[in-house]
Amino acid sequence: MLYAIISQDVEESLEKRRAARPAHLARLEQLRDEGRLVLAGPHPAVDSPDPGAAGFTGSLVVAEFASLAQAQQWAAEDPYMDAGVYARVTVKPFNRTLP
């Protein structure tokens, strides 16, 4: 089943994000390579694809996992969690309708 992993950053998270980004991306690339990743990306803090110093307010990942518990465990082990980027993470089942 698909799950949406919706993460909210702490204030002033940009430097923490930059430091942990390679490890964060490696986990997403693994999901992609396994054919389980639907989409992933950050939420810019301003209305721009490159928010510069404004940074990001969170992230969204939609991916396939065997269960809600496995999706929650994957989210809890994200390098952004260890780096203190995320203030909170919500994991919800997701039904893809389009495309």
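Residues numbered from 1 in each chain as written. Predicted model: local features only at pLDDT ≥ 70, side-chain atom pairs only at ≥ 80, totals over all residues. Heavy atoms only, no water.

Colleague: Any chance you could break down helix α1 (residues 14–33) for me, citing the residues and the numbers?
Modeller: Look at α1: 27 Å from first C-alpha to last across 20 residues, which is about the 28 Å you get at 1.5 Å a residue. Along its length, α1 reaches its greatest deviation from straightness, about 55°, at Ala20, and the proline Pro22 lies no more than four positions downstream. Listed as buried for α1 are Leu14, Arg17, Ala20, His24, Arg27, Leu28 and Leu31. Check the buried side of α1 and you find it contacts β1 (2–9), β2 (37–44), β3 (56–64), α2 (68–76), α3 (79–82) and β4 (86–94). (Helix = DSSP H or I, 4+ residues; strand = E, 2+ residues; numbered from the N terminus. Expected span 1.5 Å × (residues − 1). Bend = angle between axes of the 7 residues up to and from the residue. Buried < 20%, exposed > 50% of the residue type's maximum accessible area, 1.4 Å probe, protein only. Contact = heavy atoms within 4.5 Å.)

Colleague: I'd like a rundown of unusual backbone geometry, residues and numbers included.
Modeller: It is generally the case that most residues other than glycine have a negative phi and that most peptide bonds are trans. Of the consecutive residues Leu98 and Pro99, the connecting peptide bond is found in the cis state with omega at -15°. Relative to the elements of secondary structure, Pro99 occurs in the segment after β4. In this structure, Glu12 is a non-glycine residue whose phi angle is positive, near 55°. Looking at the secondary structure, you find Glu12 in the loop between β1 and α1.

Colleague: Describe the environment of Ala66, listing the residues and the values that go with them.
Modeller: Relative to the helices and strands, Ala66 is located in the loop between β3 and α2. Here Ala66 falls in the exposed class, since its relative accessible area comes to 65%. Taking the C-alpha atoms as reference points, Ala66 and Tyr3, separated by 63 residues in sequence, lie 9.7 Å from one another.

Colleague: An account of the packing of aromatic side chains is requested, with residue identities and associated values reported.
Modeller: Under the criterion given, the structure shown has three aromatic pairs. For the ring pair Tyr80 and Tyr86, a centre distance of 5.5 Å and an interplane angle of 80° mean the geometry is edge-to-face. In terms of burial, Tyr80 and Tyr86 fall into one category: buried. Grouped by ring-pair contacts, the aromatic residues Tyr3, Phe65 and Trp74 constitute a single cluster. Stacked on the ring of Trp74, the Lys or Arg Arg27 has its end atom at 4.2 Å from the ring centre. (Phe/Tyr/Trp six-rings, centres within 6.5 Å; stacked < 30°, edge-to-face > 60°. Lys NZ or Arg CZ within 6 Å of the ring centre and 35° of its normal.)

Colleague: Go over the sheet that holds β3 with me, naming the residues and quoting the values.
Modeller: Ordered in space as β2-β3-β1-β4, the four strands form an open sheet in which the pairing is antiparallel. Of all strands in the sheet, those with a lone pairing partner are β2 and β4, marking the two edges. Neighbour-to-neighbour, the strand axes of the sheet open up by a mean angle of 10°, direction not taken into account. Each of β1, β2, β3 and β4 is contacted by α1, which is oriented at about 10° to β3, the strand it contacts most. Together, β1, β3 and β4 form the strand contacts of α2, whose direction differs from that of β4 by roughly 155°. (Pairing = 2+ DSSP bridges. Axes fitted to C-alpha atoms, helices over the stretch in contact; angles between N-to-C directions.)

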